[in-house]
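An overview of the molecular structure
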Amino acid sequence: MDDLLADFVAETREMLEASEGEIIAWEADPADRARLDTIFRFVHTVKGNCGFFDFPRLAGLSHAAEDALSDVRAGRREPDTALVTAVLAVIDRIVFMVDAIEAGDEIPEGSDDDLIAALQPNDDGHESIAPTHEAASAILETGQSDDEGTSDEAAPRRAEQNSGVQRSIRLPVDLLDRVMSGVSDMVLARNDLAHRLREAGNQPTIDGPFERLTTILSDVRDAITRMRMQRIETLFGALPRLVRDLSSELGKQVMIDLEGGDVELDREMIETVRDPLTHIIRNAIDHGIEMPSDRLAMGKREIGMLSIAARQSGNKISLVVTDDGRGLDAERIGAKAVSSGLVTESDLKAMSRDEVQALIFEPGLSTADEISEISGRGVGMDVVRDNIEKIGGSIKVTSKPGEGTLFYLQIPLTLSIIAGLTVEVGDQRFAIPQSYIEEIIHIGTDSIDYTKVGDTALVTFRGLRTPCLSLADVLGLEHSVAEDDYTMVLLRLASGDLFALAVDRIHSHGDLVVKPLSPSVMDTNLYGGTTLLDDGNPILVLDLPLIAFTNGLVSDARASIRRKGEDETTSAAQDHVARAMLFTDYAGRRSAVRLELVQRIETAKADSVEISDNGKRAVIDGVILPLVGLPEDERPNGKIRFLRMSDKTCELLYAVREVDDAVELNSELKPVADDPLIEALTLIEGQTVALLDGHELFARYGEPPEETAKPTCHLPDTDWARTILGPLVSAAGYEIVSGVDASGDVAIVLDDSDMDAAATDGDLIRLRSHPDANNDDGSIYRYDRDGLVDALRRARSGGAR
Amino acid sequence: MNDLMVMVDIAGRRCALYAHDVSSVIELGDVTPVPRTPDFIAGITAMRSQTMTVIDCRLALGLDTNDFPTDDRAAVVTVGNHPYALVVDRIDDITTSSSEPGTVSGGFGPEWTRITTGMTETASGPALLIDLAKLIEGPESFGQAA
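Residues numbered from 1 in each chain as written. Chains lettered and ligands numbered in written order. Predicted model: local features only at pLDDT ≥ 70, side-chain atom pairs only at ≥ 80, totals over all residues. Heavy atoms only, no water.

**A closer look at the overall build of chain A**
Looking only at helices and strands, one finds 23 helices and 34 strands in chain A. When each of the 801 residues of chain A is scored for burial, the buried share is 43%. Restricting to contacts in chain A with at least 6 residues of sequence separation, those with at least 24 account for 63%. A total of about 41,400 Å² of accessible surface is found on chain A, and carbon and sulfur atoms cover 50% of it. (Helix = DSSP H or I, 4+ residues; strand = E, 2+ residues; numbered from the N terminus. Buried < 20%, exposed > 50% of the residue type's maximum accessible area, 1.4 Å probe, protein only. Contact = heavy atoms within 4.5 Å. Areas by Shrake-Rupley, 256 points an atom, 1.4 Å probe, with all protein chains shown as cover.)

Written as C-alpha cells, this is what we have:
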C-alpha cells in the first residue's frame, strides 16, 4: 500500500475514533451544533481526501452527506432522526470501505444510491418521517448485514493481509524525543557500567549478561535512530506547489524534477534544510530561469527545468539543485563585490570563475537589481551558507552562463550523534567534531614548522602557512606541555579556511552523543554542546567555526583570496627547493631520495623478504612489492626498514639501514655518470650524499602492487579443501577457484582425489595424506603448513614472472 | 499560600524554593569546569547521564565564597528546559509557606532584591523566595541593568 493511502486510512480512522462519541451524542440531540460541526468536518475531510484517490463511491457518499449536513448548518434544514440515521449509515459505509482499502481489496462493486437517497429531505413533511426512518434503518441493516455477510470471510482475510502490510501508528514527536534521549542515556549508563566492570576485573557471571545487554542496546539504538529518520520526500512534497506558485506569479514556466525522495534523513535535519533549500529554489526561479519568450529566443525549451536530487554517500547526504536558467553572471557578481568593497579590482582579476561565483555566499552581496517579492533582499545566500554550515554541512555553486546553475549541498546524516576526537589541554578534555579534522601532527616532527610572528603563531605544513590557535589561550588555561611538544590538530572549516589548534595531547575518538548546554554557557561562544565520557563525566564540545570566527580566522572573501595567493607562492617556492629524505643504505652509504617519491617508512621482519631468481620481494600489509637496496648475498636478520616509494602506479621498497631526516636540496647537484641508479651527488650538511635516480629506479624495479593482480589457486572440491585448506591458501595471497571447469594459476591436488589432470596452466602442488609416505613425487604432507606456504610462495613468484 | 517550600541557606541567609521547581537533590560529584564562563558557573556535571550546569549561588549573588562553606549537596532545578544544580550552604527541609511573598520596607539590599520575588513566612521562619531565572542570570546582568 502506498504511503499516501496509508496516511489516508490512518487519518480517517483517527478522525473517526475521535468523532465516534460525538456521533452518538449527536444522535441523542440532533440540534447540538457543536456535534454537528464535528461530523461535518469528518465527512468533509473524507470527501477532500478522496479527491486525491480514485474512490468514486467514497467520494459520492461523503459528498452527499456533506451536502445534507451543510444544509442543516446553513439552517435550510432541520436535523431529524431520519437524517441522523442516514448520516450514521453513511459513516458506517465509509468505515467499511476504508477497511477494504486498508486490506488492499478493491472496493466492492455496488451502489450507494440507497443511502444517498435516504439523505434527501423528504418534502412530504411529518407523515413520511416514520417510513423514511424505517427505510434508513432498513438500509442500515442491509449495510450491516452486508458487513456481517462478508465478515466471516473478510475478517480472517483482513488479518492475513495485515500481516503483510506494514502497520503504522502515529506518535507525538515529544514522545519520540523522550524515547530517543532515554536510549542515549542508556548507552551512556552502559558505558559507565562497562568502565566500572573493566576496573573490577574479569567476572564471567556478569560479563555474559553484560555482553547481551550491549548487543540488545545497540540493536535498540539502531532502531531508534531509524525512527528518527524521515524520508526526504516529506521535504520534497511541498516543493512542486512552491514552484508552481512562484513560477505562475512571475509568468514563467518551470517544471520540477525530484529524485531520491527515499533518502532518509534525521527529522531535525530535514527541518534545518527546509529554509535554505526553499531559498535556493526561489532564487533559481526568480533570477535563474528566464521568461518563456527569452528562453525560446535562446533556443531553449519554453519550460524551465529545476531538478533536485538527493543521494546518500557514507554519513553524508548530498543534495544537488540544478536549473537550466541563465546561470550566474560572474561579471555582475564581480562588479558588485568590488563596488561593495568585498574585494579589490586586482583581487578580482586574479580570481577564477568559480571563486567569483562563490562570492554570492558572502554577506552583503545581492545581484538582484530590483528587490523582488520572491527573493527579497534581506536574507541572502550568506544566510543559506551559515545555516548549512551550522549543522556541519557545506555548500558549493558552479554555473555556466546561459546553461544553468548547480548548487551542491552536503549535509550530515544526523545531528545528535557525531564522530569526534577528544583532546586534552591543561588537565581538561574537550571534544572536537571529526568532520573538521584534516590532520593531526605532533610538533616534534620535522614535517611541521612552528614559528611565532609577533604574538601570532604560525605553522607551516606541506608548504601551507597556517594560522595557529593555542587551545589553552582560547580557553584561558595553561598548556601542561612545553611549546615544542604540542600536538597540532589541523582543522578545515566548511568555508575552506584552514587553521591549526595546538593541544597538549590527543585522547581518543568515538561517537559522541551531543547534548545541549545552558544558555549561560553557550554565551561564551566557545562550545557547541556537551557529551559524556565513558566514565560518566561530561566534557565540552568545542564550537570550532565560532572559535575561529571570534579569533578572526574566518576569512571574508578578501582574506581567503590573499591566503590563496600565499598558498600558491609558498607552494611554488616549495617546488623550487626540492626536499629529500636522507638515509643510510645497507652498504653504509649516505644517500637521499626525493621526498615526493617516499610514501612512507615501513618496518618489517626479515622473513617477509623472499629472494627468488628474478629479484627480491617483500610482503608489506599483504601486498608483495619489489625490493631494492639489500646486498646481494646477505640475508638480514631481525627487522628491516624500508622506504616505500611510489610513482602513483608502481611501488617499490628500498631497504635502508637507517632513516635520517628530511632535508632541503639546496646545494648544487652534480650528475654522476658511472652509476645509473644515482641521479647526482650533492652536499648536505657538509657531507656528500648520493641522490637516487627515481626514474631509473622505477624503470628497473617498479611494479604495480601485487594485490591488484591476485593469482588464482584451484582447490579440489572437498570439504577439507574448502574449510581447512582454503583459508590458508587465501592468506597466502591467492584467490580460490574450484570446480571442474575452472582453471587457476596454481592448483592443489590431493593424493586421494581422483582428479589426475588438475585444472591449471601453472604450478601443481600435490598434497599427501600421510606424513611419512614416499616423498619422491614432490608432494607435501597436507598438514605441513610451512612446506605448503613455501610451495605457494614459490609458485606465486613463478606466476608473477 | 501553603505551598511546599524547600528551605536552603545561601550565604548564611535563609531562602526558599518552590518544592515543585526542585526536581531532585543530588550529591555533587565531579564538576567539570567550563573555561571562559562567569565565576558563578562552577562548571557542568552529569547525574544519571543528564548534564547540568552547576551554579554557585553565593557567586551568583556577587558574594564572597570564603565566608560561607557549602556542603556537597545541590538542588536541581530546571529553568528554560535546562537543568541547573544549585550549590548552596546547605539544604534544610521542606516546609509549607504561610504567606504570600511580600516585601519589607527598606528592601532586602540590591543583590538580594534582584533575585527574590519577596519574603515569605514559613513554618521555620521568614525566608526569601528565590526567583530562579534571575538567580541563574548571575551578577553580570545585574550590573548591566544598574
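Moving on, there is more to tell.
**With respect to the packing of aromatic side chains**
Residue and element names in this part refer to chain A. Using the criterion set out here, one finds three aromatic pairs over all chains in the structure. Taking the centre distance of 6.2 Å and the plane angle of 85 degrees together, the rings of Tyr-450 and Tyr-486 count as edge-to-face. In this pair, Tyr-450 sits in strand β11 (residues 448-453) while Tyr-486 sits in the loop between α17 (471-475) and β14 (487-492), placing the two residues 36 residues apart along the sequence. (Phe/Tyr/Trp six-rings, centres within 6.5 Å; stacked < 30°, edge-to-face > 60°.)

**Thoughts on empty space enclosed by the protein**
Residues and elements named next belong to chain A. Under the definition given, this model contains two cavities of 30 Å³ or more. By volume, the second largest cavity is sized at about 30 Å³. If you trace the second largest cavity, you find it lined by Thr-12, Arg-13, Leu-16, Val-95, Val-98 and Asp-99. If you list the elements that add at least two residues to the lining of the second largest cavity, you get α1 (3-28) and α4 (81-102). When the residues that make up the lining of the second largest cavity are grouped by side-chain class, the tally is three nonpolar, one polar and two charged. (1 Å grid on protein atoms, 1.4 Å probe; cavity = no way out; pocket = protein on both sides within 12 Å on 5 of 7 lines; lining within 4 Å. Points joined across faces, edges and corners; volume = space filled by probe spheres on them. Nonpolar A, V, L, I, M, F, W, Y, C, P; charged D, E, K, R; others polar.)

**Some words on the nonpolar core**
Judged by nonpolar contacts, the single largest core of 59 residues is most densely connected at Leu-501 and Tyr-527 of chain A together with Ile-10 of chain B. Considering every element that reaches this core, the biggest residue donor is α17 of chain A, with four residues. If we ignore the near neighbours within four places in the chain, the residues touching Tyr-527 of chain A are Phe-430, Leu-475, Leu-517, Val-521, Met-522, Leu-540, Val-541, Leu-542 and Asp-543 of chain A together with Val-34 and Pro-35 of chain B. Formed by 48 residues, the second largest nonpolar core is a distinct cluster that contains Phe-236, Leu-246, Ile-285 and Val-321 of chain A. (Core = buried A, V, L, I, M, F, W, Y, C linked by side-chain atoms within 4.5 Å.)

**Observations concerning the interface of chain B and chain A**
Contact residues are listed per partner, giving 16 residues for chain B and 26 residues for chain A. Here chain B and chain A share an interface that buries about 1,700 Å² over both sides, 62% of which is from carbon and sulfur atoms. For the pair chain B and chain A, the interface holds zero salt bridges. Among the secondary structure elements, those contributing two or more residues to the side of chain B that touches chain A are β4 (41-47), β5 (50-56) and β7 (82-87) of chain B. Among the elements that make up the side of chain B that touches chain A, the one with the highest residue count is β4 of chain B (four residues). Along the lines of polarity and charge, the residues of the side of chain B that touches chain A split into seven nonpolar, seven polar and two charged. (Buried area = accessible area lost by both parts, 1.4 Å probe. Salt bridge = Lys/Arg side-chain N within 4 Å of Asp/Glu carboxyl O.)

**Description of the sheet that holds strand β13 (residues 464-470) of chain A**
Across a sheet, paired strands are connected by hydrogen bonds in the backbone, their directions being either parallel or antiparallel. All names here are of chain A. What the six strands build is an open sheet, ordered β10-β14-β15-β13-β12-β11; its pairing is mixed. What marks the edges here is a single partner per strand, and that holds for β10 (437-442) and β11. Averaged over all neighbouring strand pairs, the angle between strand axes comes to 30 degrees, with direction disregarded. In this structure, β11 lies alongside strand β12 (residues 456-461), joined through six bridges in antiparallel fashion. Among the inter-strand pairings, Asp-449 is bridged to a residue of β12, identified as Thr-460. (Pairing = 2+ DSSP bridges. Axes fitted to C-alpha atoms, helices over the stretch in contact; angles between N-to-C directions.)

**A short note on the pairing of strand β32 (residues 744-750) of chain A**
Residues and elements named next belong to chain A. When you tally the buried positions in β32, you get six out of seven residues, the bulk of the element. Where strand β30 (residues 712-715) meets β32, two bridges bridge the pair, whose relative direction is parallel. Paired with Cys-713 across the two strands is Val-746, which belongs to β32.

**A look at the pattern of salt bridges**
Tallied over the full model, the rule gives 22 salt bridges over all chains. Glu-290 of chain A serves as the salt-bridge partner of Lys-300 of chain A, at 2.9 Å between the closest nitrogen and oxygen. Here Glu-290 of chain A lies in the loop between α11 (267-288) and α12 (292-297) and Lys-300 of chain A lies in the loop between α12 and β4 (304-313), a separation of 10 residues in the sequence. Like Glu-290 of chain A, Lys-300 of chain A is buried. Between Arg-90 of chain B and Asp-92 of chain B there is a salt bridge, with the nearest N and O atoms lying 3.3 Å from each other.

**Re the environment of Ala-6 of chain A**
Residue and element names in this part refer to chain A. Relative to the assigned elements, Ala-6 resides in helix α1. Residue classification places Ala-6 among the partly exposed residues on the basis of a relative accessible area of 23%. For the pair Ala-6 and Glu-102, spaced 96 residues apart in the sequence, the C-alpha separation amounts to 7.3 Å.

**What to know about the packing of helix α3 (residues 56-73) of chain A against α4 of chain A**
How two helices sit against one another is set out by the angle between their axes and by the gap between those axes. Residues and elements named next belong to chain A. Where α3 meets α4, the axes come as close as 10 Å, and the angle between the chain directions of the two elements is 155 degrees. Classified by the angle between their axes, α3 and α4 sit roughly antiparallel to one another. In the packing of α3 onto α4, the handedness of the crossing is left-handed. Contacts between α3 and α4 involve Arg-57, Leu-58, Leu-61, Ser-62, Ala-65, Ala-68, Leu-69 and Val-72 from the former and Leu-83, Val-87, Val-90, Arg-93, Ile-94, Met-97 and Ile-101 from the latter. (Parallel < 35°, antiparallel > 145°, perpendicular 65-115°, else oblique. Left-handed = near helix turned anticlockwise from the far one by under 90°.)

**Some words on helix α21 (residues 694-701) of chain A**
Residues and elements named next belong to chain A. Turning to α21, its buried residues number three or more, namely Gly-694, Leu-697 and Phe-698. Relative to the axis of α21, the buried residues are bounded by an arc of 90 degrees and lie together on one face. Within α21, the exposed residues directed more than 90 degrees away from the buried face are His-695 and Ala-699. Residues of α21 that are buried make contact with β24 (623-628), β25 (639-646), β26 (651-664) and β29 (687-692). (Arc of directions from axis to C-beta.)

**A short note on the pairing of β4 of chain B**
Residues and elements named next belong to chain B. Across the seven residues of β4, five count as buried, placing the element largely inside the fold. Here β4 pairs with β5 via six bridges, running antiparallel. Its bridge partner being in β5, Met-47 is matched across the sheet by Gln-50.

**Description of the confidence of the model for chain A**
All names here are of chain A. Chain-level pLDDT for chain A is 75 on average; 81% of the residues reach the 70-or-more range. Across residues 124-164, where pLDDT falls below 50, the model places 29 contacts with residues more than four positions away in sequence or in other chains. Under a pLDDT of 50 for its full length, residues 556-575 has, in the predicted model, 20 contacts with residues more than four places off or in other chains. (pLDDT = per-residue confidence, 0-100.)

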